[in-house]
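What follows is each chain in one-letter form.
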Amino acid sequence: MMCILGIGCSIASKLGETFVEVPAYITDVRETTRRSMKSSRTQYEYTVHYTYDGQEYEEREKSDFSPDEDISSMYYSPETGMITETSAETFKYSTYVFFVLAAGLLIASIIAFIVIKV
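Presented here is a report on the structure given in the accompanying data block. Keep in mind that what you see is a predicted model, and the values were worked out from it rather than measured. (Residues numbered from 1 in each chain as written. Predicted model: local features only at pLDDT ≥ 70, side-chain atom pairs only at ≥ 80, totals over all residues. Heavy atoms only, no water.)

**Concerning the environment of Asp-28**
As a reminder of what qualifies: In this description a helix means any DSSP run of H or I spanning at least four residues, a strand means any run of E spanning at least two, and both kinds are numbered starting from the N terminus. Pairs of residues are marked as contacts when any of their non-hydrogen atoms sit within 4.5 Å. Whenever two N or O atoms come within 3.5 Å, that pair is a polar contact, provided that in protein one can donate a hydrogen and the other can accept it, and provided that, for residues adjacent in sequence, both atoms are side-chain atoms.
Assignment of secondary structure puts Asp-28 in strand E1 (residues 20-35). Considered as a pair, Asp-28 and Val-48 are 20 residues apart in the sequence and their alpha carbons are 8.8 Å apart. Those residues in contact with Asp-28, other than ones at most four positions away along the chain, are Glu-45, Tyr-46, Thr-47 and Arg-60. Engagement of the side chain of Asp-28 in a polar contact is seen with the side chain of Thr-27, the distance being 3.4 Å.

**Some remarks on unusual backbone geometry**
To keep things clear, this is the line we draw: Each residue is assigned to one of three classes by its accessible area relative to the maximum for its type, calculated with a 1.4 Å probe on protein chains only: buried under 20%, partly exposed between the two thresholds, exposed over 50%.
Despite not being glycine, Asp-28 shows a phi value in the positive range, around 55°. Here the phi dihedral of Asp-53 falls at roughly 55°; this positive angle occurs in a residue that is not glycine. As for its position among the elements, Asp-53 is in the loop between strand E2 (40-52) and strand E3 (55-63). Of the residues examined, Asp-53 reaches a relative accessible area of 72% and is grouped as exposed.

**A closer look at the side chain of Ser-77**
Here Ser-77 lies in the loop between strand E4 (73-76) and strand E5 (83-84). For Ser-77, a relative accessible area of 0% corresponds to the buried category. Here the side chain of Ser-77 touches Thr-80 through a polar contact of 3.1 Å, side chain to side chain. For Ser-77, the residues in contact, after removing those within four places along its chain, are Thr-18, Phe-19 and Met-82.

Structure, rendered in structure tokens:
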């Protein structure tokens, strides 16, 4: 499972290389909480304003995580039109962490298998 997450982060990291840092800010944050008998779920809806190549843009976003309203820049991909708070460096770091964890779990599994067999 960790290998799959590592591979996913690696792919995201490659895609992230097309992103450029752009000035941005967040407004119109709306929090919605849905309750059921067993749990509740909070979702956030907000507007991201950003500038790329001298042109101003705004996009309405939804997230399960509270947005950073003090943000001053984000990462925009001219190729895909996507905007994100996460840089390619963060994806690369996550990739390395997942691969190290996966390797550690693999080694621990092999040792456990050998100990149980003996």
